[in-house]
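Per-entry structural report
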Amino acid sequence: GGVLAERPANNGVTQLMAKLLVKGTEHRTGHQIAEEIESVGGSIDAYGGNNSFGASIEVLSGDFPLGLEVMADILQQPSFPAEAINRQRMVQLAGLKAQQDKLLHSTFRHMREIMFGKLGYGLDSLGTETSVQAMKRHDIVNFHKLHALPNNCVLALFGDVKTDQARAQAEQVFGLWPRGEEPPAPRQIRPKEG
């Protein structure tokens, strides 16, 4: 994922898709997801960046099964509800506006475009106003189907858990997640010479 998997037309899709993972699934609303995790003193978040996207859940070791089950749900069955897409789109557009108001960030963004062109690292992880405005639900769903696959993911578990039990639980909730086609290899991006 990340800008290496994007084009100018869908620039910002990684960030948008990642943030929407926690906004609803086929079994839970975004409110239910937040309530389940927060009710046990945990936290949940998602991110999209230059090279990847992901989600994280922090819970106490006694709530490990809940955290793992919610993680499997948000990765495998996000619903990408229309109202959440519209809200997150506005958040992302506001982030772009805030970047424009910061001289250092605007300079850095311009420098990246000069160095790398209009692909890969030349793109901003938030996208552009044009690309984010134009993005449709099917663009987000298709990006998820192409990149959120068990053969393109890493599951990292740490904390006060027994390794054998954690592995067995992870295999139980992620074991039936079907592999997809290999996602396209990241483009080799090098600074322009000159």
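Here the structure is shown first, and the text comes after it.
1. Quick word on helix H1 (residues 13-20)
- Here H1 lies mainly inside the structure; seven of its eight residues are buried.
- Within H1 the residues assigned to the buried category are Val13, Thr14, Gln15, Leu16, Met17, Ala18 and Leu20.

2. A word on a nonpolar patch on the surface
- A contiguous nonpolar patch, built from Phe108, Met111 and Met115 and spanning about 250 Å² of accessible area, is present on the exposed surface.
- Its place among the elements puts phenylalanine 108 in helix H5 (residues 103-116).
- Classification of phenylalanine 108 by relative accessible area gives partly exposed; the value is 42%.

3. Structural notes on the environment of leucine 176
- Turning to its location among the elements, leucine 176 is positioned in the segment after helix H8 (163-174).
- Overall, leucine 176 belongs to the exposed group, its relative accessible area being 81%.

4. Overview of the packing of helix H2 (residues 30-38) against helix H3 (residues 64-76)
- Contact geometry of H2 with H3 gives a least axis separation of 10 Å together with a crossing angle of 160°. Taken together, H2 and H3 sit at an angle that is classed as roughly antiparallel. Judged by the sense of rotation from one axis to the other, the crossing of H2 with H3 is left-handed. Contact residues: H2 offers Ile33, Glu36 and Ile37, while H3 offers Leu66, Gly67, Val70 and Ile74.
- Looking at the contact of H2 with H3 residue by residue, the class counts come to five nonpolar, one polar and one charged.

5. Points about the pairing of strand E2 (residues 53-58)
- Of the strand pairs in this sheet, strand E1 (residues 43-48) and E2 are connected by six bridges, and their pairing is antiparallel. If you follow serine 43 over to E2, its bridge partner there is glutamate 58.
- Count of turn residues in the E1/E2 antiparallel hairpin: four residues.

6. Overview of the packing of H3 against H8
- Direction vectors running N to C along H3 and H8 enclose 30°, while the axes themselves pass 10 Å from each other. Taken together, the axis directions place H3 and H8 in an arrangement best described as roughly parallel. Crossing hand, H3 versus H8: right-handed. Two secondary-structure elements touch here, H3 through Phe64, Pro65, Leu68, Glu69, Met71, Ala72, Leu75 and Gln76 and H8 through Ala166, Gln169, Ala170, Val173 and Phe174.
- Looking at the contact of H3 with H8 residue by residue, the class counts come to 10 nonpolar, two polar and one charged.

7. Regarding the pattern of salt bridges
- A full pass over the atoms with the stated rule returns eight salt bridges.
- Glutamate 69 is the salt-bridge partner of arginine 28, the closest N and O atoms lying 2.3 Å from each other. Here the residue arginine 28 occupies a position in the loop between H1 and H2, and glutamate 69 occupies one in helix H3, the gap between them amounting to 41 residues.
- Residues arginine 109 and aspartate 124 are paired through a salt bridge, measuring 3.8 Å at the closest nitrogen-oxygen approach.

8. Notes on the layout of surface pockets
- Volume-wise, the largest pocket comes out at about 1,100 Å³.
- What lines the largest pocket is a set of 34 residues, and nearest its centre among them are Met71, Val154, Leu155, Ala156 and Leu157.
- Taken together, the elements giving at least two residues each to the lining of the largest pocket come down to E2, H3 and H8.
- A per-element tally of the lining of the largest pocket places E2 first, with six residues.
- Here the lining of the largest pocket is composed, by residue class, of 21 nonpolar, nine polar and four charged.

9. Observations concerning unusual backbone geometry
- With phi around 45°, phenylalanine 80 is a residue other than glycine that occupies positive phi space.
- Tracing the sequence through the fold places phenylalanine 80 in the loop between H3 and helix H4 (82-100).

So, how was this worked out
Residues numbered from 1 in each chain as written. Predicted model: local features only at pLDDT ≥ 70, side-chain atom pairs only at ≥ 80, totals over all residues. Heavy atoms only, no water. Buried < 20%, exposed > 50% of the residue type's maximum accessible area, 1.4 Å probe, protein only. Helix = DSSP H or I, 4+ residues; strand = E, 2+ residues; numbered from the N terminus. Patch = residues over 30% accessible without salt bridge, like charges linked within 9 Å, V, L, I, M, F, W, Y side chains within 5 Å. Areas by Shrake-Rupley, 256 points an atom, 1.4 Å probe, with all protein chains shown as cover. Salt bridge = Lys/Arg side-chain N within 4 Å of Asp/Glu carboxyl O. Axes fitted to C-alpha atoms, helices over the stretch in contact; angles between N-to-C directions. Parallel < 35°, antiparallel > 145°, perpendicular 65-115°, else oblique. Left-handed = near helix turned anticlockwise from the far one by under 90°. Contact = heavy atoms within 4.5 Å. Nonpolar A, V, L, I, M, F, W, Y, C, P; charged D, E, K, R; others polar. Pairing = 2+ DSSP bridges. 1 Å grid on protein atoms, 1.4 Å probe; cavity = no way out; pocket = protein on both sides within 12 Å on 5 of 7 lines; lining within 4 Å. Points joined across faces, edges and corners; volume = space filled by probe spheres on them.

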